[in-house]
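Here's the letter readout for the chains.
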Amino acid sequence: MLQQHFIRIRKLLDITFFRVLFFLILGVLLFTAMYSNVKPEKLNLSLFSIAEKTIRSPGTVEDKKSTEMKRKEARDQVQDVYAVKKEYTQNRVDLITSIFDTAAEVNDEVKDEMDKQTDEEMKEPTITDKIERLKGKLTSTVNKDLSNQVFSALVQASNEELSIAKDLTVTAINNVMTKRISADEVENAKKQVEEELKYTTLNDNLRLASINLGRYAVIQNEFYDPGATEELRRQAAESVEPVKILQGQIIVEEGKLINQEIYRQLKLVGLLQNEKSFRPFIGLIALILIILSGIYYYFYQSKSHPEKKQTDLLLFGIIFVLLIFIMKIISMLQGFNYSWIGYLFPAAMGGMLIKILIDEKLAILMSLVLAVCGSILFNEGVAGSLNFAEGLYILFSALAAILFLSNQNQRLKILQAGTFSALVNLLTIIAIVFLPNGQFSGLEFGYYFITALASGIGSAVLTIGLLPFLEASFGILSTIRLIELSNPNHPLLRKILMEAPGTYHHSVMVANLSESACEAIGANGLLARVGSYYHDIGKTRRPNFFIENQMHGDNPHDRLPPEKSANIIIAHVIDGSQILKKHHMPKEIVEIAEQHHGTTLLKFFYHKAMQENQETKEETFRYPGPRAQSKESAVVGIADSVEAAVRSLSKPTPELIESLVRKIVADRLADGQLNECDLTLKEIEIVTHTLCETLKGIFHSRIEYPEMTKKVKEA
């Protein structure tokens with residue numbers, strides 16, 4: 001037990017080592033193949049030299065220096081922002097109003113004092129006293145800024161006159177200060193106030209005082225706003241789009257002088273020899289990791305047997321590396337200015353080979369991977385590292401062939417799929433050429449069309465040529481191989497037909513039954529059919545010992561002991577396996593021949609022997625096996641027993657057929673013959689139902705012809 005455990009661990013380690021080595025080698029090969037196509041181009045150029053050819057940017061790069069210069073220009077073009085202090089107008093109006101009101105207040109105080117004095121005491125305050133009283137109520141700043149003539153005119157005016165003067169002055173101030181008044185325009189604003197008050201009906205002194213107060217009130221109300229100015233400059237700078245050197249943009253034309261600005265741009269895009277960039281290599285490694293991860297995930301989640309999974313992985317790797325090699329060879333020819341040469345790549349070949357030999361999903365995955373690799377390998381003459389047109393061409397070409405190729409993959413179907421792929425190639429070429437409104441000559445169009453046709457047809461031819469070699473090398477039983485084996489002219493089938501015609505007819509019936517049953521449960525119906533054709537090939541060594549070949553009613557077993565008869569019957573399984581192996585038949589066909597009886601018991605001869613000797617051992621009358629290991633082997637075994645049993649019925653009715661089929665299936669289950677295959681109970685029920693329906697269709701009731709017809713025939 002411990003030894004088996006160690007053997008299992010060793011197998012797992014071997015499989016793990018194989019996978020790690022496989023993906024490591026595949027990654028290195030991909031990197032080697034695509035390295036030169038992503039390697040940045042380096043030019044030996046010097047400042048103030050003459051460009052020997054037109055140089056374009058290999059990619060899109062932001063020119064930060066030019067961007068910053070444009071942003072600086074945008075900031076410098078923004079004018080300073082000046083804000084109007086609207087509250088200044090109200091403040092100055094309130095100040096002048098307060099001065100007029102204070103003067104009126106002084107007049108009221110003087111009048112009240114005069115009213116309180118008697119005639120003897122009456123003494124009116126002098127102008128000077130009133131001025132001093134007025135100044136006492138005002139601030140020192142106002143007293144300093146205004147002359148005594150203004151105060152004198154105010155204290156000599158009546159309250160009615162002061163009210164009129166106030167209204168006129170305040171109105172004039174308000175009219176002027178609602179407008180922008182910069183430092184340079186203050187004097188002009190003062191003159192405007194003076195002009196408005198100059199022609200009022202006030203007396204001369206009061207009019208002059210109002211003018212002085214108006215001029216005094218007018219001040220600058222427009223001031224520089226640094227915050228708003230900076231915000232506008234920031235917005236202007238942000239509105240400038242980054243200056244970029246676009247992919248494919250001409251940096252310098254052939255014959256032009258490489259000045260400092262051009263030299264700076266060449267350095268920026270990494271075209272100078274003294275500039276090293278590892279970004280393309282990092283990008284390539286990342287892309288390869290994505291490709292390898294996709295392939296690994298597909299095989300990781302595959303439910304195939306570990307050995308088959310490993311074989312499929314190796315087969316996929318060989319086909320994939322072969323296609324990359326072909327792609328690399330063709331891409332090297334682009335250096336001779338053959339822009340159309342990339343479309344010669346047989347893109348559909350890989351998809352068709354993988355679909356036929358492994359699986360359709362994996363074929364689609366390979367098509368995607370080849371499209372990505374092709375867009376890199378065929379990037380000669382395009383700006384950047386990816387040729388999207390070539391990638392689409394490869395993808396459409398491969399998918400067209402995969403989708404057209406049916407499950408019945410005869411050689412003709414492969415050729416038809418290649419032709420269909422060629423037509424899709426032509427349509428793709430037309431789309432690629434005409435979408436950008438390209439201008440091509442008739443000769444160039446001819447090259448494109450010829451390569452498109454050659455790619456599709458060449459893919460089919462290469463697929464047909466490589467398929468037998470790959471099938472033989474990996475022991476793969478493809479659909480095409482199965483169809484070839486089902487040909488009635490195959491030597492072994494002709495051998496059965498000529499030497500054991502009854503067995504041949506029996507095999508054809510079993511093939512029909514097993515194929516329909518397998519297809520009903522999703523198994524490989526074609527494999528079951530072909531396996532049925534060959535499952536009784538061993539009977540050709542002693543055909544007369546099998547009842548279907550006994551035409552004259554003579555049964556040799558009647559003259560033999562049951563043990564001898566059992567050995568002859570059992571030997572047809574061993575003989576069949578030897579014959580199939582001798583003719584190098586696929587192992588799946590050999591396994592069906594070996595397993596279709598499993599370890600079942602030859603009940604007739606066993607019971608006959610028991611009648612002669614009660615101590616007869618049951619193992620002597622059992623087939624050597626092994627039991628069915630696959631769904632196809634199990635179904636063929638059931639169909640074999642069912643067909644032989646139903647054929648022995650004299651009057652098979654639908655009820656009798658169904659009863660017999662269910663009994664045979666139940667016996668197989670009870671005997672453990674289906675324990676080692678992955679058939680579920682639900683699938684067994686589907687197989688049973690399908691076999692019953694098919695047999696009912698074969699052994700349906702036939703019209704009995706009148707006796708007269710029989711006599712006519714005998715005559």
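In short, a report on the structure. (Residues numbered from 1 in each chain as written. Predicted model: local features only at pLDDT ≥ 70, side-chain atom pairs only at ≥ 80, totals over all residues. Heavy atoms only, no water.)

1. Focus: unusual backbone geometry
Going by this rule: We count a stretch as a helix when DSSP gives it H or I for four or more residues in a row; a strand needs E for two or more, and each element gets its number in order from the N terminus. Per-residue accessibility, obtained with a 1.4 Å probe over protein chains only, is compared with the maximum for each type, and a residue is labelled buried under 20%, exposed over 50%, and partly exposed between these values.
Between G625 and the following residue, P626, the backbone shows a cis peptide bond with an omega angle of 5 degrees. Here P626 is to be found in the loop between helix 25 (603-612) and helix 26 (631-647). Unusually for a residue other than glycine, H584 sits at a positive phi of about 55 degrees. A relative accessible area of 66% means that H584 is categorised as exposed.

2. Things to note about the layout of surface pockets
Where we set the bar: Within this scheme a cavity is a closed region of a 1 Å grid, computed over the protein atoms alone, that accommodates a 1.4 Å probe without allowing it to escape, whereas a pocket is open but has protein on both sides within 12 Å along at least five of seven lines; lining residues each have an atom within 4 Å of a point. Grid points are joined across faces, edges and corners, and a volume is the space filled by probe spheres set on the points. Throughout, the ten residues Ala, Val, Leu, Ile, Met, Phe, Trp, Tyr, Cys and Pro are labelled nonpolar, Asp, Glu, Lys and Arg are labelled charged, and all others, Gly among them, are labelled polar.
Looking at the largest pocket, its volume works out to about 2200 Å³. In this structure, the largest pocket is lined by 49 residues; those nearest its centre are S304, K308, I358, N524 and E632. The residue inventory of the lining of the largest pocket, partitioned by class, reads 14 nonpolar, 18 polar and 17 charged.

3. Observations concerning the packing of aromatic side chains
Stated formally: For Phe, Tyr and Trp, where Trp contributes only its six-membered ring, two rings pair if their centres lie within 6.5 Å, and the inter-plane angle classes them as stacked under 30 degrees, edge-to-face over 60, or tilted in between. By the criterion adopted, a ring carries a charge over it if an Arg CZ or a Lys NZ lies within 6 Å of its centre and within 35 degrees of its normal.
Taken as a whole and assessed by the stated rule, the structure comprises 16 aromatic pairs. Relative to Y224, the ring of Y82 lies with its centre 5.9 Å away and its plane at 65 degrees, an arrangement referred to as edge-to-face. Taken together, the positions of Y82 in strand 3 (residues 82-84) and Y224 in strand 4 (residues 222-224) put the pair 142 residues apart, joining distant regions of the chain. Look at F299 and F316: their rings are 6.1 Å apart centre to centre, the planes differ by 65 degrees, and that puts the pair in the edge-to-face class. Of the two residues, F299 is situated in helix 12 (residues 279-301) and F316 in helix 13 (residues 306-332); the sequence distance between them amounts to 17 residues. Taken as a pair, F299 and F316 share a single burial class, namely buried. Geometry around Y216 places R92 over its ring, the cationic atom sitting 5.1 Å from the centre.

4. Describing the packing of helix 23 (residues 562-582) against helix 24 (residues 587-595)
Rule in force here: Angles run from 0 to 180 degrees between N-to-C directions of axes, and those axes are lines fitted to C-alpha atoms, restricted for helices to the stretch in contact. Angle categories: roughly parallel below 35 degrees, roughly antiparallel above 145, roughly perpendicular from 65 to 115, and oblique for all the rest. Note on contacts: a residue pair qualifies if any of its non-hydrogen atoms lie within 4.5 Å across the two residues.
In contact at an axis separation of 8 Å, helix 23 and helix 24 are set at 170 degrees when each is read in the N-to-C sense. Classified by the angle their axes make, helix 23 and helix 24 are roughly antiparallel. For the pair helix 23 and helix 24, the contacting residues are V573, S577, L580 and K581 in the first and I589, V590, A593 and E594 in the second. Looking at the contact of helix 23 with helix 24, its residues break down into 5 nonpolar, 1 polar and 2 charged.

5. Points about empty space enclosed by the protein
Counting across every chain of the model gives 2 cavities of 30 Å³ or more. Lining the largest cavity are Q595, H596, G598, A628, S633, A634, G637, R668, Q673 and L674. In terms of residue count, helix 26 provides more of the lining of the largest cavity than any other element does, 3 residues in total. Looking at the lining of the largest cavity residue by residue, the class counts come to 3 nonpolar, 6 polar and 1 charged. Put simply, the second largest cavity is a space of about 30 Å³. Along the walls of the second largest cavity sit R19, F23, Y296, F299, Y300 and L313, which together make up its complete lining. When contributions to the lining of the second largest cavity are tallied by element, the ones reaching two or more residues are helix 1 (2-38) and helix 12. With 3 residues, helix 12 is the largest single contributor of residues to the lining of the second largest cavity.

6. Focus: the nonpolar core
Here is the rule we go by: Put simply, buried Ala, Val, Leu, Ile, Met, Phe, Trp, Tyr and Cys residues joined by side-chain atoms within 4.5 Å make one nonpolar core.
Residues L30, F316, I319, F320, L357, C373 and I394 are the most contacted members of the largest nonpolar core, which totals 66 residues. For this core, the elements supplying multiple residues, two or more each, are helix 1, helix 12, helix 13, helix 14 (347-357), helix 15 (360-377), helix 16 (388-404), helix 17 (411-434) and helix 18 (442-474). Leaving out residues up to four positions away in the same chain, L30 has contacts with I288, I291, L292, F320, I324 and C373. Counting 49 residues, the second-largest nonpolar core is a separate cluster that includes V510, L580, I589 and L674.

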